[in-house]
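Chain and residue survey
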Amino acid sequence: MNTWNNKADETLVSLYAEGENQAFNVLLNRYKDKLYSYIYYIVRNSEMTEDIFQETFMKAIITIRQGRYNENGKFSAWLRRIAHNLIIDSFRQEKSENLVSCDEPEVNILNNIGLAEGR
C-alpha cells in the first residue's frame, strides 16, 4: 500500500484507467478532505456538499474509464473544476426551481383587471 501512496497523480490515473481500482482509492483518499472542504465552503450545506462531492468523483471515474481524461494540468485542479461546475449547476437549478411565472393567472398581478385602479 505504501508504494501506491508514493506514486504521482498522473501515474495513478493511468493505472486506474488500466483497471487498477486501488489506484483510484489512493487518489480519493489523497483529495477527499480538501475537495469536501472546498465544496462546503461555497455551498454551506452538508447535504448538498455530500451530493456534489459524490457526483464529482462519479464524473471523474466515468471520464477516466472512458479514456477521456487529458493530462493537461494537475489532477487536483481538474477535480476542483468538476466540483465547481457542479456547484454552479446546482445553484442554477435551485434558482430556476424558485422562480414564479407571471403568466399564471393567480400570480399575474400586473395584468389583473380586478386590481386595476378605480375598480
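This text goes with the structure placed above it.
Residues numbered from 1 in each chain as written. Predicted model: local features only at pLDDT ≥ 70, side-chain atom pairs only at ≥ 80, totals over all residues. Heavy atoms only, no water.

**Some thoughts on the pattern of salt bridges**
- Following the criterion strictly, the structure yields one salt bridge and no others.
- A salt bridge links Asp9 to Arg30; the nearest nitrogen and oxygen atoms lie 2.5 Å apart. Of this pair, Asp9 sits in helix 2 (residues 9-17) while Arg30 sits in helix 3 (residues 21-43); the two residues are 21 residues apart in sequence, bridging distant segments of the chain.
- By relative accessible area, Arg30 is classed as partly exposed at 29%. (Salt bridge = Lys/Arg side-chain N within 4 Å of Asp/Glu carboxyl O. Helix = DSSP H or I, 4+ residues; strand = E, 2+ residues; numbered from the N terminus. Buried < 20%, exposed > 50% of the residue type's maximum accessible area, 1.4 Å probe, protein only.)

**Considering a nonpolar patch on the surface**
- Residues Tyr41, Ile42 and Phe91 make up a contiguous nonpolar surface patch of roughly 300 Å² in combined accessible area.
- Within the secondary structure, Ile42 is located in helix 3.
- Classification of Ile42 as partly exposed rests on a relative accessible area of 30%. (Patch = residues over 30% accessible without salt bridge, like charges linked within 9 Å, V, L, I, M, F, W, Y side chains within 5 Å. Areas by Shrake-Rupley, 256 points an atom, 1.4 Å probe, with all protein chains shown as cover.)

**What about the side chain of Thr56?**
- With respect to the helices, strands and loops of the structure, Thr56 is situated in helix 4 (residues 46-65).
- What Thr56 contacts, discounting residues up to four positions off in sequence, is Leu35, Ile39, Leu79, Ile82, Ala83 and Leu86. (Contact = heavy atoms within 4.5 Å.)

**Here we look at the packing of aromatic side chains**
- Going through the model one piece at a time under the given rule, you end up with eight aromatic pairs.
- Ring geometry for Phe24 versus Phe57: centroids 5.9 Å apart, planes at 85°, classification edge-to-face. Of the two residues, Phe24 is situated in helix 3 and Phe57 in helix 4; the sequence distance between them amounts to 33 residues. Each member of the pair, Phe24 as well as Phe57, carries the same accessibility label: buried.
- Ring pairs connect the aromatic residues Tyr16, Phe24, Tyr36, Phe53 and Phe57, which therefore count as one cluster.
- We note Arg65 situated over the ring of Tyr16; from NZ or CZ to the ring centre the distance is 4.2 Å. (Phe/Tyr/Trp six-rings, centres within 6.5 Å; stacked < 30°, edge-to-face > 60°. Lys NZ or Arg CZ within 6 Å of the ring centre and 35° of its normal.)

**With respect to helix 5 (residues 75-97)**
- With 23 residues, helix 5 extends 33 Å from end C-alpha to end C-alpha; this agrees with the ideal 33 Å at 1.5 Å per step.
- Within the sequence span of helix 5, burial applies to Phe75, Ser76, Leu79, Ile82, Ala83, Leu86, Ile87 and Ser90. (Expected span 1.5 Å × (residues − 1).)

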